[in-house]
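Residue-level listing of the chains:
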Amino acid sequence: MYWERSKRRYRERALKLSIKNPNKWKYRQDKKPHGLAPPRPEEPKEIHVYKEDLLIPSQARRPTVRFSFQTAFQKSSQWSTVSPSGSVINELAKMGDPDVLEMVQQDRRFSKEERYSKANEDLRSGESSFLICQEPRFKKDEQSKDSIFFRDGIRKIDFVLSYVDDIKKEAELKANSEDGRTYFVKIHAPWEVLVTYAEVLGIKMPVKESDIPSADRLPFSCMLEPLKLPRDVKHPTPDYFTVQFSRHRQELFLIKDESSFFPSSSRNRIVYYILSRCPFGMEDGKKRFGIERLLNSHTYSSAFPLHDGQYWKASEPPNPVNQRNILYRNWARFSYFYKEQPFNLIRDYYGEKIGIYFVFLGFYTEMLFFAAVIGLACFIYGLLTIPKTSGSSEICDPKIGGQIIMCPLCDELCDYWRLNSTCLASKISHLFDNESTVFFAIFMGIWVTLFLEFWKRRQARLEYEWDLVDFEEEQQQLQLRPEFEAMCTKRKLNAVTQEMEPYLPLCSRLPWYILSGVTVTLWMALVVACMVAVIVYRLSVFATFASFMESEASLKHVKSFLTPQITTSLSGSCLNFIVILILNFFYEKISAWITKMEIPRTHQEYESSLTLKMFLFQFVNYYSSCFYVAFFKGKFVGYPGKYTYLFGVWRSEECDPAGCLVELTTQLTIIMTGKQIFGNIKEAIYPLVLNWWRRRKARTNSEKLYSRWEQDHDLETFGSLELFYEYLETVIQFGFVTLFVASFPLAPLLALLNNIIEIRVDAWKLTTQYRRPVAAKAHSIGVWQDILYGMAVLSVATNAVIVAFTSDMVPRLVYHYAYSVNESWPMSGYINNSLSVFLIADFPNNTVPSEKRDYNTCRYRDYRNPPDSEDKYAHNIQFWHVLAAKMTFIIIMEHVVFLIKFFLAWMIPDVPKDVLERVKREKLMTVKILHDFELNKLKENLRLNSASSTDFAKHFTIKENQANLAESTP
């Protein structure tokens, strides 16, 4: 095999050099080339693509794929008919066959042996690698610290592998390395590799500049000019008609410069595709392959593509444009928080998968602006109407609320209390529980529908603009995970491709599926148990707070606003938030390990399985306490003398006389705000501290490092699940904004402010603190879109129940229209009507307060018969009227909102009309371009064949005449 011969040649040459001078390495002196100009065509030289077995520590063999530069001689359209077919090579490339690159080279050589004879003679002197012991073309110290090229200044470094070795090997001297122990393997993909795998991966490339006019400017768009970016940043390249690349049709594509034809994101995607399928050994009769397995086994310490340069300064010629610096100046700076995002530049640099996340986050933030404005208006309405509300006025009135004696809130330790002590709580409750609450709940049900429908339209436009119209997820499903292939011992015929592929029976994975389901269930049960523990904490400390605040004279000044209910609610919410963070930390690691043990077939199946586990857990973890306060607290309390008890020990919690909405608002605010603050601090500070510590440990600074790859090596790794957690964080926030928004109209405003910061934090850390991630394609946000649809439907029901059962809206309406006796002030007397009477003499001995009072009766919140009634303390007729009204309200509100949602979904098309027309136009033009290309090619071949036949006939006639003349000559 070729790489075996190359290995022998290298060892023989290394041995000769070491014999001549064992103390010093000899390098061949070459003049440094100017710029990025390729070798002149009159001196063609081919440097083959091959593999080399590295000299590595004895405890592990460290296989490496090595690529080197291949000079392109001419556009190849005249391939030999005896060469392997393109489909065979493509299928071998998909399977990661190690011989495919040699086949491509041999395919080229079949018709060009004479042209390559000189290059083959110079092969030995032209081999280049980090292993070959030759003089660099210029001194190492003179090379730019920010260069992304090999020392010849021509070949671009597309990927870097690193490993750590304490033993000094002859493979590479590290005297100038940062730590003297880290070895770097630089990988360059030559033209033949790029064109082969671009065809395998179906990468679309430009064939003609688009003639479709740009979309018309929106009305009043001039008012948005301060928010827009410069045109060269927003649209760095013109719009082109594109088709899937084919190495047999290279003349069709707009190839001005082979070194820059494929963007860097496509280049590193191709290299990673090869590395992830490259075999490196056998173990227990199974083939071992893939860079991920080598990373997991610590054979290599890292694998990453290089950034374009330093983020704080532009690149210097002859280096290409530093897109990283452009992104930092126009995207990652916090002073640009009001600017739009350069989505096309993000896509070109990081790939479509990361690009579509930022498009979604930006679109979600834009839509939040409208919800935030309406929510703020509702909050301001509640603030302005506080003096006019009869409920809080009666509670705060000393002649009304001050004369109402309320029953104790706990057994024995708690004393009787006056209703006006909750004056401040009732005013705060009115901020969120007023007439605008119903309107805002209905508005958010419509808003979430508009958001999802308009996102589908935005996504369709994005698919057209980013050449993802024909992108099918099935193409990725056919790409098996290397870990899955490594575990498979059987093969099965694929009904779609009609090819044998690795197959793992269900019985082999069933135990892990069962373990996975049991684990997720147990962890969700653990979340519920922790929530119950927090409830027990609240019940147990409430009496302590109440007795302490009553006995402590120094707290009398704060009792008006820091009541035992508010104190218990705040401390319980903070404790619940801490428990949520702790459970999340441990569950993330367990869920990732279980998903890996399930051996998913594809990367999409892996992400879908992990998404289901993480979302189910975090849904229960973050929302369980809010569901408890909204739907259960205060609903099953009982009444004085016959309270319900949790585990027979702790008395059930009661709501404030103004309702439980204030506590739900407190719970939601603490969890939502705390999660956002903690998340942003973690995302910004954590990688910054790690990178600082790594540089401090190395006793150097990033700008003083020797090389581009060493600078990137000291950055934090952008893991394969980083984007997953970003989506998860956004979806959980979406739940807070939609599921419980009726209790907290300011939730969209908090989410809007957080997302404005989140976008810049994510951009900053991705541009400055993380290694460049491997580019990947995606045409949508995937399974997250289905989750958003499910949460949108659920939010209609939750908000309807919150308005009906948690707020006081429906009881007030029932009193206004059915029980009010004051025509001029219909809500006058509502507080007295909503409180029932209890005879203190009916208290059991174990629940009566320890201190005796001169009260005969006390009041409690419920609709029950008075003690002098025949059926005392039973629910009265008003209770059933209110309950019927609540159920009616839920049904009416759900049906109205769902009717509007379905009408809007039907009325708004998923794909804009202009996008449909543009897609049809582009398909028509690409078909025409391909037809004209093939037709011209056929004409050219026929012309050449005709000319050849004519020349042959003339030559044959001349030879025949010469022979006849020779015979006739005596």
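Residues numbered from 1 in each chain as written. Predicted model: local features only at pLDDT ≥ 70, side-chain atom pairs only at ≥ 80, totals over all residues. Heavy atoms only, no water.

Looking at an unreviewed UniProt entry, one finds the protein named Anoctamin, with Bos taurus as its source organism. UniProt annotates the protein under Sequence similarities (unreviewed entry) with the comment "Belongs to the anoctamin family." (UniProt positions renumbered as here; feature names shortened; annotations may be inferred.)

Regarding its fold elements, the protein presents 30 helices and 19 strands. Expressed as a percentage of its 970 residues, the buried residues of the protein come to 51%. When the accessible area of the protein is evaluated, it comes to approximately 47,600 Å², of which 60% is carbon and sulfur surface. (Helix = DSSP H or I, 4+ residues; strand = E, 2+ residues; numbered from the N terminus. Buried < 20%, exposed > 50% of the residue type's maximum accessible area, 1.4 Å probe, protein only. Areas by Shrake-Rupley, 256 points an atom, 1.4 Å probe, with all protein chains shown as cover.)

Its place among the elements puts histidine 188 in the loop between strand S4 (182–187) and helix H6 (191–200). Separated by 2.7 Å, the side chain of histidine 188 and the backbone oxygen of lysine 156 make a polar contact. (Polar contact = N/O pair within 3.5 Å; in protein donor to acceptor, adjacent residues only side chain to side chain.)

With that settled, consider the packing of helix H24 (residues 722–739) against helix H25 (residues 747–769). It is the contact of H24 with H25, at a shortest axis distance of 10 Å, that shows an interaxial angle of 170°. The pairing of H24 with H25 is recorded here as roughly antiparallel in orientation. Contacts between H24 and H25 involve Glu726, Glu729, Gln733, Phe736 and Val737 on the former and, on the latter, Ala747, Pro748, Ala751, Asn754, Asn755, Glu758, Asp762 and Lys765. When the residues that make up the contact of H24 with H25 are grouped by side-chain class, the tally is five nonpolar, three polar and five charged. (Axes fitted to C-alpha atoms, helices over the stretch in contact; angles between N-to-C directions. Parallel < 35°, antiparallel > 145°, perpendicular 65-115°, else oblique. Contact = heavy atoms within 4.5 Å. Nonpolar A, V, L, I, M, F, W, Y, C, P; charged D, E, K, R; others polar.)

Scanning the model with the defined rule gives 26 salt bridges in all. Through salt bridges that share partners, Glu683, Glu726, Asp762 and Lys765 make up one connected network. (Salt bridge = Lys/Arg side-chain N within 4 Å of Asp/Glu carboxyl O.)

Before going further, it helps to spend a moment on the packing of aromatic side chains. For the structure shown, the criterion picks out 57 aromatic pairs. Between tyrosine 357 and tyrosine 727, the aromatic rings sit 5.2 Å apart at their centres with planes inclined by 80°, giving edge-to-face as the arrangement. Within this pair, whereas tyrosine 357 is found in helix H13 (residues 352–384), its partner tyrosine 727 is found in helix H24, the two being separated by 370 residues in sequence. On the basis of relative accessibility, which here comes to 7%, the residue tyrosine 727 falls in the buried class. With a centroid separation of 5.1 Å and 70° between ring planes, the pair formed by phenylalanine 724 and tyrosine 725 is classed as edge-to-face. Sitting over the face of the ring of tyrosine 336, lysine 339 holds its NZ or CZ atom 5.9 Å from the ring centroid. One residue, arginine 772, lies across the ring of tyrosine 349, its end atom 3.8 Å from the ring centre. (Phe/Tyr/Trp six-rings, centres within 6.5 Å; stacked < 30°, edge-to-face > 60°. Lys NZ or Arg CZ within 6 Å of the ring centre and 35° of its normal.)

Once that is clear, we can look at H25. Over its 23 residues, H25 runs 30 Å from end to end, which matches the ideal 33 Å to within 8%, given 1.5 Å per residue. Across the 23 residues that make up H25, a large majority, 18, are buried. (Expected span 1.5 Å × (residues − 1).)

On to the UniProt feature "transmembrane region" (unreviewed entry) in the protein. The UniProt record annotates "transmembrane region" (unreviewed entry) at residues 356–384, 437–455, 513–546, 566–587, 610–631, 731–753, 787–807 and 887–908. Secondary structure across residues 437–455 comprises 100% helix and 0% strand; the distance between its end C-alpha atoms is 26 Å. Helix makes up 95% of residues 787–807 and strand makes up 0%, while its end C-alpha atoms are separated by 28 Å.

With that settled, consider the sheet that holds S4. Taken in spatial order, the three strands line up as S4-S3-S9 in an open sheet, and their pairing is antiparallel. Taken across any chain shown, the strands that pair with only one partner, and hence form the sheet edges, are S4 and strand S9 (302–304). Going across the sheet, the axis of each strand differs from the next one's by a mean of 15°, ignoring polarity. Here strand S3 (residues 159–164) pairs with S9 via three bridges, running antiparallel. Looking at the pairing, leucine 161 lines up with alanine 303 of S9. Its contacts with the sheet put helix H9 (residues 264–275) on S3 and S4, and the angle it makes with S3 is roughly 50°. (Pairing = 2+ DSSP bridges.)

In this section: the state of the cysteines. Within this structure, the stated rule accounts for three disulfides. The side chain of cysteine 396 participates in a disulfide bridge whose partner is cysteine 423; the two sulfur atoms lie 1.8 Å from each other. Given an S-S torsion of about 100°, the disulfide between cysteine 396 and cysteine 423 has right-handed geometry. You can see cysteine 396 sitting in helix H14 (residues 390–396) and its partner cysteine 423 sitting in helix H15 (residues 423–432), a full 27 residues away along the chain. Owing to a relative accessible area of 21%, cysteine 396 belongs among the partly exposed residues under this scheme. Exposure remark for cysteine 423: the relative accessible area of 18% places this residue in the buried category. Across the disulfide from cysteine 407 sits cysteine 858; the S-S distance is 1.9 Å. Taking the sign of the S-S torsion, about 85° here, the bridge from cysteine 407 to cysteine 858 comes out right-handed. Residue cysteine 407 is located in the loop between strand S10 (405–406) and strand S11 (417–418), and its partner cysteine 858 is located in strand S19 (residues 857–861); the two are separated by 451 residues in the primary sequence. Taken individually, cysteine 407 and cysteine 858 each receive the classification buried, so the pair is uniform in this respect. (Disulfide = S-S within 2.5 Å.)

Right, let's talk about a nonpolar patch on the surface for a bit. Nonpolar side chains collect at one region of the surface, where Ile677, Ile681, Ile685, Leu688, Val689, Trp692 and Trp693 lie side by side and expose about 680 Å² of accessible area between them. One can find isoleucine 681 in helix H22 (residues 661–697). (Patch = residues over 30% accessible without salt bridge, like charges linked within 9 Å, V, L, I, M, F, W, Y side chains within 5 Å.)

In this section: the side chain of arginine 771. Summarising the element assignment, arginine 771 is placed in the loop between H25 and helix H26 (783–806). At 6.6 Å, aspartate 714 is the nearest oppositely charged side chain to arginine 771, a buried residue that forms no salt bridge. Within the local environment of arginine 771, its side chain forms a polar contact with the side chain of threonine 717, the two groups lying 3.1 Å apart. Leave out the neighbours within four places in its chain, and arginine 771 touches Ser302, Phe304, His307, Asp712, His713, Leu715, Glu716, Thr717 and Phe718. (Lys, Arg positive; Asp, Glu negative; His and termini not counted.)

The interhelical angle for the contact between helix H11 (residues 323–330) and helix H12 (residues 343–350), taken along N-to-C directions, is 145°, at an axis separation of 10 Å. As H11 packs across H12, the resulting crossing turns out to be left-handed. In contact with Gln323, Arg324, Ile326 and Leu327 of H11, H12 contributes Leu345, Ile346, Asp348, Tyr349 and Tyr350. Of the residues contributing to the contact of H11 with H12, the split by class is six nonpolar, one polar and two charged. (Left-handed = near helix turned anticlockwise from the far one by under 90°.)

Turning to its location among the elements, serine 214 is positioned in the loop between strand S5 (204–209) and helix H7 (231–234). The spacing of serine 214 and aspartate 239 is 25 residues in sequence and 9.4 Å in space, taken between C-alpha atoms.

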